[in-house]
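So the chains spell out like this:
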Amino acid sequence: MNTKEQRIKIAVQKSGRLTDHSLDLLERCGLKFTQSKDQLFCYGENMPVDLLLVRDDDIPALVSDDVCDLGIVGLNVVEEKRLQFENNGGEGQFDRVFQLDFGHCHLAIAAPEAASYDGVASLQNTRIATSYTGILTDFLARNNIQAEIVYFSGAVEIAPKLGRADFVCDLVSSGATLSANQLREVETVFESEAVVIQTRAPLSDLKQEWVARILQRLDGVLQVRESKYIMLHAPRAALAEITRLLPGSEFPTVIPLEGQPDKVAVHAVCREFVFWETLENLKSAGASSLLVLPVEKMLA
Ligand code: ATP
Ligand code: ZN
């Protein structure tokens, strides 16, 4: 096997909502690459990992066809492609291996503000415009609704104004685009966030090792986002209560304090956001000299 085949290829959206987050995450995992977004291909300088910058819709097929080993893409796109493969009597050769906790949005059915809506039955025998024909077909079938699906490749929200559809089924995060088009959300069809997909094609041991390493580092990066390192002094007698109050920490380190037999220092990684209230509660329980520090890297 030549060395080129031993390099991991990750498909990332070239230019769009997922691009900056995806590249930022990979950088936090220690990957250094030439970050020109005009280029289709980014060579990893310090790891055998290269990036292919493509349209997000192409990512599942690139991973399924083993052109890329991994891909970072919205679950909405993954599910739509999975259903397309299924409708064609096949199966997408990719698996979801990691949730990334960004790119949160949902596929929703929206109605013109003036239209009445009284539950899914109101969709019966109507026309619904969407780019997500697979997910919508699946949703309608599960709800025993017969409706005409009108395919729009983009700008779905203008379909009712054009008289092309009664409802739209489109991605929503804040809802601002819907209200700008005098639409209101009436049904949630599918919840989505960015995920990592991996090809089902067998990987060499070396590649598998790198994939495992990347996923472990991603896990570490996501964990430290909310994590804090807390240091405090506690009366020995209050140790149990103070340990209980530390948010999301399993095993705090307890250190004796020189010349203070009744007191200890407690250090703990808290895997949840540390609120002022938590610090105040710790103080009420007897803690003093409280210090909250950011965590830069973590390896479980
Ligand atoms: P491309 O040119 O790569 O095909 P696109 O226009 O299809 O880009 P974007 O609008 O950049 O895609 O969205 C990429 C992904 O971001 C979506 O598939 C979805 O997973 C996620 N996303 C998060 N919030 C939203 C939102 N409000 N609208 C659309 N997508 C969103
Ligand atoms: Zn797209």
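Everything quoted here is computed from the prediction, not taken from an experiment.

Cut-off values and rules
- Residues numbered from 1 in each chain as written.
- Chains lettered and ligands numbered in written order.
- Predicted model: local features only at pLDDT ≥ 70, side-chain atom pairs only at ≥ 80, totals over all residues.
- Heavy atoms only, no water.
- Near = heavy atom within 4 Å.
- Polar contact = N/O pair within 3.5 Å; in protein donor to acceptor, adjacent residues only side chain to side chain.
- Areas by Shrake-Rupley, 256 points an atom, 1.4 Å probe, with all protein chains shown as cover.
- Nonpolar A, V, L, I, M, F, W, Y, C, P; charged D, E, K, R; others polar.
- Domains from an automatic or database assignment.
- Core = buried A, V, L, I, M, F, W, Y, C linked by side-chain atoms within 4.5 Å.
- Buried < 20%, exposed > 50% of the residue type's maximum accessible area, 1.4 Å probe, protein only.
- Helix = DSSP H or I, 4+ residues; strand = E, 2+ residues; numbered from the N terminus.
- Salt bridge = Lys/Arg side-chain N within 4 Å of Asp/Glu carboxyl O.
- Donors = N, O, S within 2.8 Å, 3.2 Å for Na, K, Ca; no water.
- Tetrahedral: all angles 85-135°; square planar, octahedral: opposite > 155°, others 65-115°.
- Pairing = 2+ DSSP bridges.
- Axes fitted to C-alpha atoms, helices over the stretch in contact; angles between N-to-C directions.
- Patch = residues over 30% accessible without salt bridge, like charges linked within 9 Å, V, L, I, M, F, W, Y side chains within 5 Å.

1. Thoughts on the site of ligand 1
And step 1. In the vicinity of ligand 1, 15 residues are found, and the nearest of them are Gln13, Arg55, Asp57, Asn76 and Ser173.
And step 2. Between ligand 1 and Arg17 there is a distance of 2.8 Å, counted from an oxygen atom to a backbone nitrogen or oxygen.
And step 3. One of the side-chain N or O atoms of Asn76 is found 2.6 Å from an oxygen atom in ligand 1.
And step 4. Alone, ligand 1 offers 630 Å² of accessible surface; in the complex the protein occludes 77% of this.
And step 5. Class assignment of the residues belonging to the shell around ligand 1 gives a composition of 4 nonpolar, 7 polar and 4 charged.
And step 6. Here the shell around ligand 1 spans two domains, since at least three of its residues come from each of domain 1 (4-103 + 194-223) and domain 2 (105-192).

2. Section: the nonpolar core
And step 1. Formed by 32 residues in total, the largest nonpolar core has its most connected members in Ile109, Leu123, Val189 and Ile197.
And step 2. Secondary-structure elements contributing two or more residues to this core are β3 (49-54), α2 (59-64), α3 (75-87), β6 (105-112), α4 (133-142), β9 (167-172), β10 (183-192) and β11 (194-199).
And step 3. Each of domain 1 (4-103 + 194-223) and domain 2 (105-192) accounts for three or more of the residues forming this core.

3. Quick notes on the pattern of salt bridges
And step 1. In this structure the tally under the stated criterion is 13 salt bridges.
And step 2. Put simply, Asp69 and Lys207 hold a salt bridge, and the shortest N to O gap is 3.0 Å. Within this pair, whereas Asp69 is found in the loop between α2 and β4 (70-74), its partner Lys207 is found in helix α6 (residues 205-226), the two being separated by 138 residues in sequence.
And step 3. Among the residues examined, Asp69 registers a relative accessible area of 3% and is labelled buried.
And step 4. The exposure class of Lys207 is buried, given its relative accessible area of 12%.
And step 5. Overlapping salt bridges, with partners in common, bring together Glu79, Arg82 and Glu86 in one network.

4. Thoughts on the coordination of the zinc ion (ligand 2)
And step 1. Distances from the zinc ion (ligand 2) to its protein donors, Asp56 (OD) and Asp57 (OD), fall within 2.0 to 2.1 Å.
And step 2. Geometry at the zinc ion (ligand 2) is irregular, judged from its 4 donor atoms and the angles of 75 to 174° they form at the metal.
And step 3. Judged by relative accessible area, Asp56 falls into the buried class, the value being 17%.
And step 4. The exposure class assigned to Asp57 is partly exposed, which follows from its relative accessible area of 29%.

5. Re the sheet that holds strand β15 (residues 288-294)
And step 1. Strand order in the open sheet formed by 4 strands is β13-β14-β12-β15, with antiparallel pairing between adjacent strands. Edge positions in the sheet fall to β13 (253-256) and β15, since each has one partner strand and no second. Sheet twist, expressed as the average angle between the axes of neighbouring strands with direction ignored, equals 20°.
And step 2. Relative to β15, strand β12 (residues 228-235) runs antiparallel, the two sharing 5 bridges. When the bridges of β15 are listed, Ile230 appears paired with Val292.

6. Some remarks on a nonpolar patch on the surface
And step 1. A surface patch of nonpolar side chains, amounting to about 300 Å² of accessible area, comprises Leu40, Phe41 and Tyr43.
And step 2. Note that Phe41 resides in strand β2 (residues 41-42).
And step 3. Note on Phe41: relative accessible area 33%, which makes it partly exposed.

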